[in-house]
Amino acid sequence: MTLDRDTKKTLRWDSGTRSSKSSQKVSGPDYSKSYVCLTCRTANKRHVEGTPSDYPLTMSCPICNNTMFNVGRHFKAPKKSDNTQWKKVGFLIAHGFLFQKIRPNPNSYESVPYPDTLEEAKEFVVKYKDWAITSAL
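As a starting point, this report considers the structure included with it. (Residues numbered from 1 in each chain as written. Predicted model: local features only at pLDDT ≥ 70, side-chain atom pairs only at ≥ 80, totals over all residues. Heavy atoms only, no water.)

### A look at the state of the cysteines
Applied cut-off: Two cysteine sulfur atoms form a disulfide, by the criterion used here, when they sit within 2.5 Å.
Considering all chains together, one arrives at zero disulfides under this definition. As a non-bridged cysteine, C40 has C37 as the owner of its nearest cysteine sulfur, 3.5 Å distant. There is no disulfide at C64, and the cysteine sulfur nearest it, in C37, is 3.5 Å away.

### A few points about helix α3 (residues 118-127)
Defined as follows: For each residue, the accessible area found with a 1.4 Å probe, counting protein chains only, is set against the maximum for its type, and the residue is called buried under 20%, exposed over 50%, and partly exposed in between. Counting from the N terminus, the helices are the DSSP runs of H or I reaching at least four residues and the strands are the DSSP runs of E reaching at least two. Taken from the helix axis, the directions to the C-beta atoms give the arc we talk about. In what follows, a contact means two residues having at least one pair of non-hydrogen atoms within 4.5 Å.
Here α3 has its buried residues at A121, F124 and V125. For α3, the buried positions fall inside an angular range of 100° around the axis, keeping them on one side. Facing away from the buried side of α3 by over 90 degrees, the exposed positions are E119, E123, V126 and K127. Taken together, the buried residues of α3 touch α2 (83-94).

### Section: the packing of aromatic side chains
Two descriptors summarise a pair of aromatic rings, namely the distance from one centre to the other and the angle between the planes of the rings. Rules: Paired rings are identified among Phe, Tyr and Trp, the last through its six-membered ring, by centres lying within 6.5 Å, and are further divided according to the angle between planes into stacked (under 30 degrees), edge-to-face (over 60) and tilted (the rest).
A complete count under the given rule lists six aromatic pairs for this structure. Summarising the aromatic geometry, the rings of Y114 and F124 are spaced 5.0 Å apart at their centres and angled 40° between planes, so their arrangement reads as tilted. Here F124 lies in helix α3 and Y114 lies in the loop between α2 and α3, a separation of 10 residues in the sequence. By the burial criterion, Y114 is buried, and F124 matches it. Aromatic pair Y128 and W131: ring centres 5.8 Å apart, planes at 65°, arrangement edge-to-face.

Purely spatial values, then, with no claim about function.
Shown next as structure tokens:
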């Protein structure tokens, strides 16, 4: 019995392997976290083996050797030339907001959006000071 191309493809996808040569499913890391350096304005994704609690809050920047901060997996870095956004990011990090999810209502999955401007960030820091992470600073 010979199977047509579409049937073979479906069977490979259903078995968890995309290649007919591979007999076992290869799994990658669960997810990587972003680390941001405020000095050279770079952001890098890093994966650490182990549980999510094994990710360090800070590490050394591979470019300038200054401190990089763990800003979670959803952080999107602004352009290097965007001075106002980098000032906002630096302000939030300096006040313990490492772009973690902030959920004021413990029974809800809705999180508070992070501010768009530095002025909004100043109000944000005052309003949500109880959610700040102080161990990274």
